[in-house]
Amino acid sequence: MRIQKKNVRRRRQEGFTPLRRSAEHGFTARRRSAEHGFTLVELMVVIVIIGLLATIVAINVLPSGDKARTEKAKADIAQIEGGLELYKLQNLSFPTTAQGLNALVTAPAGLTDPSRYQRGGYLKKLPNDPWGRPYNYAAPGQHGEADVWTFGADGKEGGEGIDADIGSWQ
């Protein structure tokens with residue numbers, strides 16, 4: 001306790017007081033409240049940093065959407081192929097190209113034995129490809145007994161990357 005009092009006395013003798021030091025260094029009550037805000041430069045730096053981070057995230061996330069669409073198309077085609085195989089097992093042949101994939105949802109006209117057609121169909125609903133177009137079907141196909149495919153993002157035959165065709169033979 002005595003040592004602390006001596007230090008306080010010595011500081012006062014040397015002309016140092018906490019109040020005086022604050023005023024000397026420009027930290028008055030008015031000035032201190034003005035320093036609680038941010039300058040325009042500080043705000044601009046933060047906005048630029050947020051913009052850079054958003055750009056990096058966008059660059060890394062956007063391509064995964066294309067990959068997800070490709071994977072969904074492959075999964076849809078596999079599901080349709082499963083329905084086609086079951087159709088073939090029960091009806092002894094694949095639906096014709098003219099009957100199309102709708103034969104998996106509703107019984108097509110011209111079945112040799114309609115009693116073999118599974119009640120409720122082989123798919124509840126025929127999906128569209130991830131780009132909103134119906135899947136293509138051919139029986140007999142160029143790559144097997146029955147082909148199911150989509151033309152990819154561009155909707156045209158051929159292509160590379162996300163525009164590449166995705167088919168049951170791949």
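That block above? That's the structure.
A. Representation of the overall build of the protein chain within the structure. On a plain count of helices and strands, the protein chain comes out with four helices and three strands. Listed N to C, the secondary structure of the protein chain is α-α-α-α-β-β-β in terms of helices and strands. Counting all 170 residues of the protein chain, 23% fall into the buried class. Nonlocal contacts in the protein chain, meaning residues at least 24 apart in sequence, comprise 40% of its contacts between residues at least 6 apart. Roughly 12,700 Å² of accessible area belongs to the protein chain as shown, and the carbon and sulfur atoms make up 58% of that amount.

B. How the structure looks around the pattern of salt bridges. Under the defined criterion, the tally for this structure stands at five salt bridges. For Asp113, the salt bridge identified is with Arg116, shortest N-O distance 3.6 Å. For Arg133, the salt bridge is made with Asp129, and the minimal N-O distance between the two is 4.0 Å. On the basis of relative accessibility, which here comes to 27%, the residue Arg133 falls in the partly exposed class.

C. Summary view of the packing of aromatic side chains. Enumeration according to the criterion identifies five aromatic pairs in this entry. A centroid spacing of 6.2 Å and a plane angle of 75° characterise the contact between Tyr87 and Tyr117, whose relative ring orientation is edge-to-face. Of this pair, Tyr87 sits in helix H4 (residues 40-91) while Tyr117 sits in the loop between H4 and strand S1 (136-138); the two residues are 30 residues apart in sequence, bridging distant segments of the chain. For Tyr87, a relative accessible area of 2% gives the class buried. Both rings, one in Tyr117 and one in Tyr122, keep their centres 5.1 Å apart while their planes meet at 85°; by these two values the pair is edge-to-face. A residue is classified by how much of its surface remains accessible, and Tyr122, at 9% relative accessible area, is buried.

D. Focus on the environment of Ala139. Note on placement: Ala139 falls in the loop between S1 and strand S2 (147-150). If we ignore the near neighbours within four places in the chain, the residues touching Ala139 are Phe94, Pro95, Thr97, Glu145 and Ala146.

E. The arrangement of the environment of Ala153 in detail. Inspection of the secondary structure puts Ala153 in the loop between S2 and strand S3 (166-167). Distance in space between the C-alpha atoms of Ala153 and Asp163 is 4.8 Å, their sequence separation being ten residues.

Procedures and definitions
Residues numbered from 1 in each chain as written. Predicted model: local features only at pLDDT ≥ 70, side-chain atom pairs only at ≥ 80, totals over all residues. Heavy atoms only, no water. Helix = DSSP H or I, 4+ residues; strand = E, 2+ residues; numbered from the N terminus. Buried < 20%, exposed > 50% of the residue type's maximum accessible area, 1.4 Å probe, protein only. Contact = heavy atoms within 4.5 Å. Areas by Shrake-Rupley, 256 points an atom, 1.4 Å probe, with all protein chains shown as cover. Salt bridge = Lys/Arg side-chain N within 4 Å of Asp/Glu carboxyl O. Phe/Tyr/Trp six-rings, centres within 6.5 Å; stacked < 30°, edge-to-face > 60°.

Note that all results are geometric; they support no functional claim without further evidence.
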